[in-house]
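Fold and geometry: a report
The primary structure of each chain is shown beneath.
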Amino acid sequence: MKPNLTRREWLAGAGAGVLLARPARSLASTAPTARVSVAKCKTYGPELLPTMEKMFDQLGGLGTLVKGKTVAVKVNLIGVRWQRLGTARMEDTFWSNPRVIGAAVHLLGKAGARRIRVLEGPWSTAETLAEVMLSMNWQPQDILSAASNVEFENTNYLGLGKKYSRFMVPGGGLIYPGYDLNHSYEDCDVFVSLAKLKEHAATGVTLSMKNVYGATPITIYGEGAGVDEPSIRPHGGRGGVFHFAKRLPSKSAPQQKDLTLPKDAGFRIPRIVAELCSARPVHLAIIDGVKAATGAETNYGSPNRPQAAVNPGVLIAGTNCVATDAVAMAVMGFDPMADRGKAPFANSDSMLRLGEDLGIGLRDLSRNEIAGAPISEVVFDYTAVREKILAARKG
């Protein structure tokens, strides 16, 4: 299927399938409002910890959310680790920075969290997260010692669990009715998405909502997943199942509702992300925009979407992933109310709009409470950076 469909092709080729991939009715009117905090932070140095602590205070404090509870923190260690952007470190472009992870863990512990599990499914590996971090010259002990009872788990596969946990999508889902995930996403009281302020080639942006996409185990949703049952070890990426529907997930997991749906990443991924955030709600979203990258994540840039390591110097946190991502989009110079055909969603549907339709949260900035630095003072225009690079190339 062509990646960009005309309206005529869309309706003719997909037929009723496209209609089925919409909520039976929009739940936007019932979606909760939320509070989002924005702060300037130019470096990962001494200013980081007090800045994050102030932001959490502006959200009402972490104590009421995490005291005495098990907290799961899904970080972002996306893609093949050696595919760097030039000489820039992964944590300064595409990955959650270890100092932000450590600061978040420390503050969660300070607020009384009983146990903190740092989770991620690094690309196509069963290595422990500590091994992945060591391979990138990180010091995992700095994170493990940032609070009491801190654990790591690679959620690409069964890991330390005895079985996968099933999360059904309220309302029945748009593409899948539910997802099977590593036990750690169920064995927690509070779920935190700690993301990066990035653009994405297929979905326009990748923020706290899209970060949850990486919670899906490769053993079920990867190119090398078992046909009937999950494979023992993870192999390959998720593109064959989720982006382009070249194969089905393991039959043990909930299957796609309608096989006639478009096999287009710009159609599929926003819906899958919205479903995941509905099935496994995010209680606290944190977006690291101190340093990041334009264009796309990892090696998915193109001549027309040049990549560059950038220093927006901003942190964003909120109690709702849709609202937090809406503020992040505005900080990036985009309209959070945009949808397919308008930047950054040139070739995709808006996962924020889909999340709003599922009743997760609201993307209208005027309907949420924004604390801290005014957005106008921290805007870092990602499109302008790319356009400047393109103009320089033309000479």
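Everything here concerns the structure above.
Conventions used here
- Residues numbered from 1 in each chain as written.
- Predicted model: local features only at pLDDT ≥ 70, side-chain atom pairs only at ≥ 80, totals over all residues.
- Heavy atoms only, no water.
- Helix = DSSP H or I, 4+ residues; strand = E, 2+ residues; numbered from the N terminus.
- Expected span 1.5 Å × (residues − 1).
- Buried < 20%, exposed > 50% of the residue type's maximum accessible area, 1.4 Å probe, protein only.
- Polar contact = N/O pair within 3.5 Å; in protein donor to acceptor, adjacent residues only side chain to side chain.
- Phe/Tyr/Trp six-rings, centres within 6.5 Å; stacked < 30°, edge-to-face > 60°.
- Contact = heavy atoms within 4.5 Å.
- 1 Å grid on protein atoms, 1.4 Å probe; cavity = no way out; pocket = protein on both sides within 12 Å on 5 of 7 lines; lining within 4 Å.
- Points joined across faces, edges and corners; volume = space filled by probe spheres on them.
- Nonpolar A, V, L, I, M, F, W, Y, C, P; charged D, E, K, R; others polar.
- Core = buried A, V, L, I, M, F, W, Y, C linked by side-chain atoms within 4.5 Å.
- Salt bridge = Lys/Arg side-chain N within 4 Å of Asp/Glu carboxyl O.

Some thoughts on helix α5 (residues 98–110)
- Here α5 spans 18 Å end to end across 13 residues, near enough to the 18 Å set by a 1.5 Å rise per residue.
- Within α5, burial applies to V100, I101, G102, A103, A104, V105, L107 and L108.
- Among the residues of α5, the N-terminal cap falls to N97, whose side-chain oxygen and the backbone nitrogen of R99 are separated by 2.9 Å.
- Positioned one or two residues after α5, G112 has a phi angle of 105°, which is positive.

Considerations on unusual backbone geometry
- The amide bond that connects A343 to the next residue, P344, takes the cis arrangement and shows omega of 5°.
- One non-glycine residue, N137, adopts positive backbone phi at about 65°.
- By the secondary structure assignment, N137 is in the loop between α6 (129–135) and α7 (140–144).
- For N137, a relative accessible area of 65% gives the class exposed.
- Of note in the backbone geometry, N149 takes a positive phi value of approximately 55° without being a glycine.
- Looking at where N149 falls in the secondary structure, it is placed in the loop between α7 and β4 (150–154).

Some thoughts on the packing of aromatic side chains
- Applying the stated criterion across every chain, the model contains nine aromatic pairs.
- With centroids separated by 6.0 Å and ring planes inclined at 45°, the aromatic side chains of Y179 and Y221 adopt a geometry described as tilted. Here Y179, found in strand β6 (residues 178–181), pairs with Y221, found in helix α9 (residues 218–221); they are 42 residues apart in sequence, far enough to count as distant.
- According to the relative accessible area criterion, Y179 is buried, its value standing at 0%.
- Taking 5.8 Å as the distance between ring centres and 85° as the angle between the ring planes, the aromatic pair formed by F380 and Y382 counts as edge-to-face.
- Under the relative-accessibility criterion, Y382 is labelled buried at 0%.
- Within the aromatic cluster, the residues linked to one another by ring pairs are Y176, Y179, Y213, Y221 and F242.

Examining the side chain of S278
- Mapped onto the fold, S278 is located in helix α11 (residues 265–279).
- Overall, S278 belongs to the buried group, its relative accessible area being 12%.
- Every residue in contact with S278, bar those within four places of it in the chain, is listed here: V169, P170, L358 and I360.

Focus on the layout of surface pockets
- The calculated volume of the second largest pocket comes to roughly 390 Å³.
- Around the second largest pocket, the lining comprises 19 residues; the ones closest to its centre are N97, P98, R99, Q139 and D142.
- Going through the elements one at a time, α5 and α7 are the ones with two or more residues in the lining of the second largest pocket.
- Among the elements that make up the lining of the second largest pocket, the one with the highest residue count is α5 (five residues).
- Residue composition of the lining of the second largest pocket, grouped by class: eight nonpolar, five polar and six charged.

Examining the nonpolar core
- By size, the foremost hydrophobic cluster in this structure holds 71 residues, and its most contacted members are Y179, L197, L207, M209, F242, I272 and I316.
- Once residues within four sequence positions are removed from consideration, F242 is found in contact with Y176, Y179, Y213, T216, Y221, R268, I269 and I272.
- Core analysis: the next-biggest nonpolar cluster, separate from the first, contains 48 residues, L62, A103, V192 and L194 among them.

Looking at the pattern of salt bridges
- The tally for this structure, following the rule as stated, stands at 20 salt bridges.
- Taking the shortest distance from any N to any O, the salt bridge between R340 and D264 comes out at 3.7 Å. Here R340, found in the loop between α12 (321–331) and α13 (351–357), pairs with D264, found in the loop between α10 (239–243) and α11; they are 76 residues apart in sequence, far enough to count as distant.
- With a relative accessible area of 29%, R340 lands in the partly exposed category.
- On the basis of relative accessible area, D264 is assigned to the buried category, the value being 5%.
- Overlapping salt bridges bring together D264, R271, R340 and D349 as one network.

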